[in-house]
Number of protein chains: 2
Amino acid sequence: MSLAETTRTAEVMDAIRRRVTSRTLAPGDRLPSIRGFASAMRVSPSTVVEAYDRLAAEGLIRSRRGSGFYVVGGAAPLTLAEVGPKLDRAVDPLWVSRQSLDAGPETLKPGCGWLPADWMPMTELRRSIRALARADDATLADYGGARGSAALRRLLARRMADQGVEAAPDQIILTASGTHAIDLVCRFLLRPGDTVLVDDPCYFNFLALLRAHQVEIVGAPFTPNGPDLAAFGKVLAERRPRLYLTNSGLHNPTGASLSPHVAHRVLSLAAAHDVVIVEDDIFADFEPEPSPRLAALDGLCRVIRIGSFSKTLSASVRCGHIAARADWIEGLIDLQVATGFGAASPAATELIAGALGDGGYRRHVEALRRRLSLAMRDVDAKLARLGFAPWTEPRAGVFLWRRLPDGLDAAAVATAALAEGVVLAPGDVFSVSRTASSFMRFNVAQCGDPRVYDVLARAMART
Amino acid sequence: MSLAETTRTAEVMDAIRRRVTSRTLAPGDRLPSIRGFASAMRVSPSTVVEAYDRLAAEGLIRSRRGSGFYVVGGAAPLTLAEVGPKLDRAVDPLWVSRQSLDAGPETLKPGCGWLPADWMPMTELRRSIRALARADDATLADYGGARGSAALRRLLARRMADQGVEAAPDQIILTASGTHAIDLVCRFLLRPGDTVLVDDPCYFNFLALLRAHQVEIVGAPFTPNGPDLAAFGKVLAERRPRLYLTNSGLHNPTGASLSPHVAHRVLSLAAAHDVVIVEDDIFADFEPEPSPRLAALDGLCRVIRIGSFSKTLSASVRCGHIAARADWIEGLIDLQVATGFGAASPAATELIAGALGDGGYRRHVEALRRRLSLAMRDVDAKLARLGFAPWTEPRAGVFLWRRLPDGLDAAAVATAALAEGVVLAPGDVFSVSRTASSFMRFNVAQCGDPRVYDVLARAMART
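As the structure is a computational prediction, the values presented were derived from the model and not from experiment. (Residues numbered from 1 in each chain as written. Chains lettered and ligands numbered in written order. Predicted model: local features only at pLDDT ≥ 70, side-chain atom pairs only at ≥ 80, totals over all residues. Heavy atoms only, no water.)

1. With respect to the relation of the copies chain A and chain B
Inference 1: The transform that puts chain A on chain B rotates by 180 degrees and translates by 0.0 Å along the axis, for an RMSD of 0.2 Å. On the angle and the small slide along the axis, the relation comes out as a two-fold axis. Among all C-alpha atoms of chain A, that of Arg130 of chain A lies closest to the rotation axis, at 2.9 Å.
Inference 2: Interface overlap between copies is the fraction of interface residues in one copy that are interface residues in the other; for chain A against chain B it reaches 100%, indicating a shared surface. (Least-squares fit on C-alpha atoms with pLDDT ≥ 70 in both. Contact = heavy atoms within 4.5 Å.)

Structure (structure tokens):
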């Protein structure tokens, strides 16, 4: 076979592989007919035959006598990294999480989304674990109720009330984690092919999670006061999304918070177009006093509020929660029993309730806010010296969203920095439209080590 | 409006409601045209108009000027209990789990699937919790690696080797629970509309979980040696399922175990039809020596092995695991990061690894086996006195699958018993074909209280 023929065969094989990994062709599906695909690919039928035979030899497809070629079941499962347009791995929404989660202790992680362990209330945590060892047998050994610990749900209801969100304990369910909470809500409300609206930029894992639900993701540009209202309304009218997934207070990645006006308009537009809003509020405790919350204005009518304690207490003791309208709770519980058998771990919730009840937790959070605001000022100044330009000054929280100087490409800088053991968060992993390539998100709590700036400077110089 | 008209209107409203709850009509979908639906329902157009107006008043649907009626977004989310044919709640696959999970301490639960707390190794558990309070900060506060604790995965690899399953630690991922593990694998391999094969009867939550994935569920009759091979082969050939979900050792609900011959044939048939097998092996530790395992024979080529410690250590400290072929692991991890952000709780896995490493755990499991086999003999005799007929004698485990006398209906008996505070497990919740109405599953560890038999006798007499 000539080199040109070999190349054309490889092209046909790649085209089929892409369709399989993107699930355009699913296991069991019939492949395009030889003639049809040959003309579509502008190659000879014999080239397609050759390509199909090789893919069959690889085990990706198989022929059934007289009925053509089929994708082999199970051999080509959904792999998120490859769904949709094949992205450069550096800007894959899963890149930052995978690099941060699996980073060794020596790795620096200014790109990750959580606080260093030594910023957490370890004294309260250890005290609560020792108390757990004395809990009753049922708490330590049984599944617990389908809604999750009543004590923790009462405590959460009181805390939400402080933030202006009215939720009865029976409107709250505990989940395995904050991400599981969002996942559960998405399963409850969405089906493949639905359209979901996110902020552009938004938390990168929203994009990975929504891909797992095989929905259409559309974005509305985010401003320092919240979504751009004109664009937001236009997308609602034209794309008719079923859901809007956002974090309104201390937005991830920008650190921005909704203005009262924008919050009100977003709710009104959502009502006009009958869109459900999922408000992920896991940064709530970082705010000295709460900024406008959609859940608070709406009163949990079309807004579902998500929270967890991974950012202020422990990411190891996993537990998330959902607050939603009463008539959705039973369905959410059924779904959680079906897919997780029961709610959050009773041992974990006992531990968390204990730590939250501890007066030390409130003092810890207050100290944490002061420490974070000092760190933010310090990191901001150091980034400015490297030429990073501000986008907005967050009122609190852990994130700075900054523009690189001289049109440098964030993905290239992040890739270079990773080679030196520093995990950064390049802008495009947060952007569904991939229009944030000159931005980076910095976690000020993870920027204490001076090596961060040395590596950053070298990586910027090298790209 | 005449009574007949009212009735017809109500019928039309119910028909639409069913389509909405079953997602035949999804939020945003257009309702059938007035004329079309009128002739389909054999009613007058005015009746359909009346029905649509009332549903609009209820807020389930809304009219858009000039373009008909639409299902309101979000207002009609997927509610599992109502997906598919509307079952009597007593035989809803979620009925037993919901009743058992939310049962008060005074409730007796012979129908539930787990052991009483005082059958669990509380000493080892409490010792391990006290040790956890001294773990390093990262273990108590960080997310941990995306695969989950390396120590626990190494320990699991060794334990699986003892059961003849060869899995490297890198082929194992830890999940939030055993059910989450199955859910993750289903998401990885399935998409809505796929067909999945289960045993008939099978663990009721398999049916609830598969419904959540909106797949077709088909069953193959289960015999005391495993699936009926003729029926099994026929279903594979005719329905082309993508997946077979089963527990082969100490099958739930029947307690049966695979014979070597059936295990070999099941694998051969699965290979011939290219079906992936998910083997849920959470009862593994109850067997004195392992019965044939598909994962062991297959070597994790097309078999995925699921496990957890909810049955022998703690259901409160949640953690499940998946062992699968190496080239599927990365995709499974990506999916778990996207939908749960990270693996099982590092605190939970540290606790579990500690308890398992404790020599007391092995002694606990041996004592547990002896205690269970005594309980099984005792409960079997007591049920025989009530007229229950054996189906098979399990070699070990917690379950007895027994036929009610005199063609009594298990669902009716269970409903009557619930009124007296006893949760039973009627056969049809386990049966996709709903052909097990005369069977019940008993958890021998939950049948120690003599009131179980008094209530059972009364409930049987009353039905």
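2. Remarks on the domain arrangement of chain A
Inference 1: Taken domain by domain, chain A consists of domain 1 (3-71), domain 2 (89-118 + 361-462) and domain 3 (122-358).
Inference 2: Taking the mean C-alpha position of each, domain 1 of chain A and domain 2 of chain A sit 43 Å from one another. (Domains from an automatic or database assignment.)

3. What to know about the environment of Leu209 of chain A
Inference 1: Position of Leu209 of chain A among the secondary structure elements: in helix 9 (residues 204-212).
Inference 2: As for Leu209 of chain A and Ile61 of chain A, which are separated by 148 residues in sequence, their C-alpha atoms are 28 Å apart.
Inference 3: The residues touching Leu209 of chain A, leaving out its near neighbours within four places in the chain, are Thr179, Ile182, Asp183 and Cys186 of chain A together with Ala338 and Thr339 of chain B. (Helix = DSSP H or I, 4+ residues; strand = E, 2+ residues; numbered from the N terminus.)

4. Brief notes about the environment of Leu313 of chain A
All names here are of chain A.
Inference 1: Residue placement: Leu313 occurs in the loop between strand 9 (303-308) and strand 10 (320-323).
Inference 2: For Leu313 and Leu356, which are 43 residues apart along the polypeptide, the C-alpha to C-alpha distance reads 8.4 Å.
Inference 3: Excluding anything up to four places from it in sequence, Leu313 contacts Met120, Pro121, Leu125, Ile352, Ala355, Leu356 and Tyr361.

5. What to know about the sheet that holds strand 14 (residues 439-443) of chain B
All names here are of chain B.
Inference 1: Strand order in this open sheet of four strands is 11-12-14-13, and the pairing throughout is antiparallel. Taken across any chain shown, the strands that pair with only one partner, and hence form the sheet edges, are strand 11 (389-390) and strand 13 (425-426).
Inference 2: Alignment of strand 12 (residues 399-403) against strand 14, held across five bridges, turns out to be antiparallel. Across the sheet, residue Arg402 finds its bridge partner in strand 14, namely Met440.
Inference 3: On top of the sheet, helix 15 (residues 359-385) reaches strand 12 and strand 14; it is set at about 15 degrees to strand 12, its chief contact. (Pairing = 2+ DSSP bridges. Axes fitted to C-alpha atoms, helices over the stretch in contact; angles between N-to-C directions.)

6. Let's talk about the sheet that holds strand 3 (residues 172-175) of chain A
All names here are of chain A.
Inference 1: Read from one edge of the open sheet, eight strands run 3-10-9-8-7-4-5-6, paired in mixed fashion. If you trace the sheet from one side to the other, it starts and ends with strand 3 and strand 6 (226-227), each paired once.
Inference 2: Sheet topology places strand 7 (residues 243-246) next to strand 8 (residues 276-280); four bridges connect them, and they run parallel. Bridge assignment links Thr246 to a residue of strand 8, and that residue is Glu279.
Inference 3: On top of the sheet, helix 7 (residues 150-162) reaches strand 3, strand 9 and strand 10; it is set at about 115 degrees to strand 3, its chief contact.

7. Thoughts on unusual backbone geometry
Excluding glycine, residues mostly have negative phi values, and the peptide bonds linking residues are mostly trans.
Inference 1: Cis geometry is found at the peptide bond from Asp200 of chain A to Pro201 of chain A, where omega equals 10 degrees.
Inference 2: Within the secondary structure, Pro201 of chain A sits in the loop between strand 4 (195-200) and helix 9.
Inference 3: Following Asn252 of chain A, the chain continues to Pro253 of chain A via a peptide bond in cis, the omega torsion being 15 degrees.
Inference 4: By the secondary structure assignment, Pro253 of chain A is in the loop between strand 7 and helix 11 (260-272).
Inference 5: The phi torsion at Arg240 of chain B lies on the positive side, around 45 degrees, for a residue other than glycine.

8. As for the packing of aromatic side chains
Inference 1: Tallying each qualifying case throughout the model produces 30 aromatic pairs over all chains.
Inference 2: A ring pair is formed by Tyr203 of chain A and Phe204 of chain A, whose centres lie 5.2 Å apart and whose planes are at 50 degrees; its orientation type is tilted.
Inference 3: Note on Phe204 of chain A: relative accessible area 3%, which makes it buried.
Inference 4: Among the aromatic residues, those joined into a cluster by ring pairs are Tyr203, Phe204, Phe206, Trp401, Phe430 and Phe439 of chain A.
Inference 5: Above the ring of Trp119 of chain B, the side-chain terminus of Arg371 of chain B is found at 3.8 Å from the ring centroid. (Phe/Tyr/Trp six-rings, centres within 6.5 Å; stacked < 30°, edge-to-face > 60°. Buried < 20%, exposed > 50% of the residue type's maximum accessible area, 1.4 Å probe, protein only. Lys NZ or Arg CZ within 6 Å of the ring centre and 35° of its normal.)

9. With respect to the pattern of salt bridges
Pairing is possible between side chains of opposite charge, provided their charged atoms come close.
Inference 1: In total, this model carries 54 salt bridges over all chains according to the counting rule given.
Inference 2: Between Glu238 of chain A and Lys234 of chain A there is a salt bridge; the shortest N-O distance is 3.2 Å. Within this pair, Glu238 of chain A and its partner Lys234 of chain A are both found in helix 10 (residues 229-239), separated by four residues, close to a single helical turn.
Inference 3: One salt bridge connects Glu420 of chain A with Arg462 of chain A, and the closest N-O pair in it is separated by 2.6 Å. Residue Glu420 of chain A is located in the loop between helix 16 (410-418) and strand 13 (425-426), and its partner Arg462 of chain A is located in helix 17 (residues 451-462); the two are separated by 42 residues in the primary sequence.
Inference 4: Bridged by salt links that share partners, the residues Arg98 and Asp102 of chain A together with Arg147, Arg153, Asp170, Glu330 and Asp334 of chain B form one connected network. (Salt bridge = Lys/Arg side-chain N within 4 Å of Asp/Glu carboxyl O.)

10. A few points about the pairing of strand 9 of chain A
Residues and elements named next belong to chain A.
Inference 1: For strand 9, the tally of buried residues reaches six of six residues, placing the bulk of the element in the interior.
Inference 2: What you see with strand 9 is no split at all: Val303, Arg305 and Gly307 on one side and Ile304, Ile306 and Ser308 on the other are buried throughout.
Inference 3: Sheet topology note: the strand 8/strand 9 ladder contains four bridges and is parallel. What sits directly across from Ile277, in strand 9, is Val303.
Inference 4: Alignment of strand 9 against strand 10, held across four bridges, turns out to be antiparallel. Within the sheet, the bridge partner assigned to Arg305 lies in strand 10 and is Ala323.

11. What about the interface of chain A and chain B?
Inference 1: Between chain A and chain B, the residue contacts involve 94 residues of the former and 95 residues of the latter.
Inference 2: Between chain A and chain B the total buried area reaches about 7,500 Å² when both faces are included, carbon and sulfur atoms providing 54% of it.
Inference 3: There are ten salt bridges connecting chain A and chain B.
Inference 4: A salt bridge links Asp334 of chain A to Arg98 of chain B; its shortest N-O distance comes to 2.7 Å.
Inference 5: Between the two partners, chain A and chain B, sit 41 residue pairs in polar contact (both at pLDDT 80 or more).
Inference 6: Elements supplying a minimum of two residues to the side of chain A that touches chain B: strand 1 (61-64), helix 4 (95-101), helix 5 (122-132), helix 6 (137-141), helix 8 (178-189), helix 9, helix 13 (326-340) and helix 14 (346-357) of chain A.
Inference 7: Ranked by residues supplied to the side of chain A that touches chain B, first place goes to helix 13 of chain A with ten residues.
Inference 8: Partitioning the side of chain A that touches chain B into residue classes produces 46 nonpolar, 22 polar and 26 charged. (Buried area = accessible area lost by both parts, 1.4 Å probe. Polar contact = N/O pair within 3.5 Å; in protein donor to acceptor, adjacent residues only side chain to side chain. Nonpolar A, V, L, I, M, F, W, Y, C, P; charged D, E, K, R; others polar.)

12. Considering empty space enclosed by the protein
Inference 1: Counted by the stated rule, this structure contains eleven cavities of 30 Å³ or more.
Inference 2: By volume, the largest cavity is sized at about 320 Å³.
Inference 3: Lining the largest cavity are 30 residues; nearest its centre among them are Arg318, Ser345 and Ala348 of chain A together with Arg318 and Ser345 of chain B.
Inference 4: Listed by contribution, the elements that provide at least two residues to the lining of the largest cavity are helix 13 and helix 14 of chain A together with helix 13 (326-340) and helix 14 (346-357) of chain B.
Inference 5: Here the lining of the largest cavity is built from residues that sort into 16 nonpolar, twelve polar and two charged. (1 Å grid on protein atoms, 1.4 Å probe; cavity = no way out; pocket = protein on both sides within 12 Å on 5 of 7 lines; lining within 4 Å. Points joined across faces, edges and corners; volume = space filled by probe spheres on them.)

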